[in-house]
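Here's the letter readout for the chains.
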Amino acid sequence: MSDQTNHPRIAFIGCGNMGASLIGGLVTSGYPANRITAADPDPEKRTVMVNRHGIAAYDDNATACAGAAAVVLAVKPQVLRETLQPLAARLRGSDTVIISVAAGIDSAAIDRWLGGNAAVVRAMPNTPALIGAGATGLFANDQVSSRQKQLADTIMQAGGLTLWLTDESLIDAVTAISGSGPAYFFFFIEALEHAGIELGLTAEQARQLALQTAFGAARMAHESDVDAAALRERVTSPGGTTEQALKQLSDGGLENLIQQAATAARDRARELAATLGGES
Ligand SMILES: NC(=O)C1=CN([C@@H]2O[C@H](COP(=O)(O)OP(=O)(O)OC[C@H]3O[C@@H](n4cnc5c(N)ncnc54)[C@H](OP(=O)(O)O)[C@@H]3O)[C@@H](O)[C@H]2O)C=CC1
Ligand SMILES: O=C(O)[C@@H]1CCC=N1
């Protein structure tokens with residue numbers, strides 16, 4: 001079988017935080033670097049792609065897209081429309097699947113900007129894709145063939161878990177939970193480090209303890225056959241120290257706060273769709 005069949009050419013438009021994470025995950029998973037191209041206006045980002053991952057990187061989007069079976073759009077939602085429009089003529093009628101990771105912007109808007117009848121997959125990955133520990137929610141519009149769906153799954157699975165949804169609106173919920181989610185956990189790690197320093201540990205001691213604890217807890221929850229609530233209970237001795245700490249978190253409304261945070265992220269995705277993805 002030819003490499004074109006085994007490893008269809010994949011183009012990435014945008015090599016920022018998310019594009020670079022997906023490219024890194026894909027190359028690390030063994031996808032041949034000579035089957036991946038990328039485009040970004042920033043010469044430094046292109047140099048990183050070439051030197052670190054061995055892929056070809058261009059300042060011209062059309063050049064990067066030439067001959068690609070899949071084009072991954074990894075630019076900000078605010079510039080997606082202007083990025084796509086010059087590519088529309090080239091992509092129209094082609095056998096290329098368009099995979100957008102942009103928050104909010106729905107497949108109908110992308111299809112419209114491409115002139116209609118486009119095979120569009122909306123994907124919401126997260127930056128741990130760089131180390132193969134990501135999570136991606138996906139939705140395919142009716143134009144996407146099963147082969148194209150498989151290709152989109154291969155690209156995203158290189159970065160970790162993939163989860164297909166049949167209701168596109170739930171991509172905004174995925175954005176709120178796993179797309180933005182790494183930032184919530186990083187924030188918690190930062191806060192735990194600060195607390196350790198306040199209690200007298202050095203910055204380095206606090207950093208090491210907070211990081212290893214986050215890693216250990218996540219790994220244990222991931223590998224355990226009991227749920228997070230049961231694992232939490234095993235740490236919480238009646239009348240002990242954890243109970244006092246959790247009481248503070250609970251009295252401070254942490255659970256509500258997390259619900260509010262996720263809802264705010266979901267609502268922002270909807271707002272981006274309404275302001276940037278409209279007909280005008
Ligand atoms: N960051 C994350 O954790 C996640 C992000 N996403 C989505 O991924 C997308 C990218 O986000 P993120 O990577 O954080 O953003 P970044 O700003 O880090 O990356 C976007 C890159 O695209 C480049 N770019 C801008 N305009 C064009 C263009 N016309 N053609 C080609 N490249 C262009 C930018 O260059 P320059 O900086 O010079 O403008 C930048 O290097 C967004 O739509 C976001 O919603 C989804 C899931 C998670
Ligand atoms: O903050 C954002 O808008 C993007 C989408 C999900 C994570 N980062």
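Residues numbered from 1 in each chain as written. Chains lettered and ligands numbered in written order. Predicted model: local features only at pLDDT ≥ 70, side-chain atom pairs only at ≥ 80, totals over all residues. Heavy atoms only, no water.

A.B. asks: Tell me about the overall build of the protein chain, and please be specific about residues and values.
C.D. replies: When helices and strands are tallied, the protein chain shows 14 helices and eight strands. Its C-alpha atoms give the protein chain principal-axis dimensions of about 65 × 40 × 35 Å. For the protein chain, the residues scored as buried account for 40% of the 280 residues in total. Put simply, the protein chain shows about 15,400 Å² of open surface, and 55% of that area lies on carbon and sulfur atoms. Positive and negative side-chain charges of the protein chain, numbering 21 and 29 respectively, have mean locations separated by a distance of 5 Å. (Helix = DSSP H or I, 4+ residues; strand = E, 2+ residues; numbered from the N terminus. Buried < 20%, exposed > 50% of the residue type's maximum accessible area, 1.4 Å probe, protein only. Areas by Shrake-Rupley, 256 points an atom, 1.4 Å probe, with all protein chains shown as cover. Lys, Arg positive; Asp, Glu negative; His and termini not counted. Charge placed at Lys NZ, Arg CZ, Asp CG, Glu CD.)

A.B. asks: Report on the environment of T263, specifying residues and quantitative values.
C.D. replies: One can find T263 in helix α14 (residues 254-276). When the C-alpha positions of T263 and I177 are compared, they lie 9.3 Å apart, and in sequence the two are 86 residues distant. At 2.8 Å, the side chain of T263 forms a polar contact with the backbone oxygen of Q259. (Polar contact = N/O pair within 3.5 Å; in protein donor to acceptor, adjacent residues only side chain to side chain.)

A.B. asks: So what's going on with the site of ligand 1? Which residues, and what values?
C.D. replies: In the region of ligand 1, 21 residues are neighbours, and N17, M18, D40, K45 and V75 sit closest. In the model, an oxygen atom of ligand 1 is placed 2.9 Å from a nitrogen or oxygen of the N17 main chain. In the environment of ligand 1, an oxygen atom lies 2.8 Å from a nitrogen or oxygen atom belonging to the backbone of M18. Burial of ligand 1 by the protein amounts to 75% of the accessible area it has alone, namely 880 Å². (Near = heavy atom within 4 Å.)

A.B. asks: Requested: an account of the nonpolar core, with residues and values cited.
C.D. replies: Counting 33 residues, the largest nonpolar core has F12, I99 and I155 as its most contacted members. Sorting the residues of this core by element identifies β1 (10-13), α2 (17-28), β2 (36-39), β4 (70-73), β5 (97-100), β6 (119-124), β7 (134-140) and α8 (146-157) as the ones contributing at least two each. Counting residues in each nonpolar core, the second largest holds 24 residues, with L80, A88, A109 and V120 among its members. (Core = buried A, V, L, I, M, F, W, Y, C linked by side-chain atoms within 4.5 Å.)

A.B. asks: Any details on the UniProt feature "domain: Pyrroline-5-carboxylate reductase catalytic N-terminal" (unreviewed entry) in the protein chain? Residues and values, ideally.
C.D. replies: According to UniProt, the "domain: Pyrroline-5-carboxylate reductase catalytic N-terminal" (unreviewed entry) feature falls on residues 9-104. Spanning residues 9-104, this segment combines 42% helix with 20% strand, and its end C-alpha atoms are found 27 Å apart. (UniProt positions renumbered as here; feature names shortened; annotations may be inferred.)

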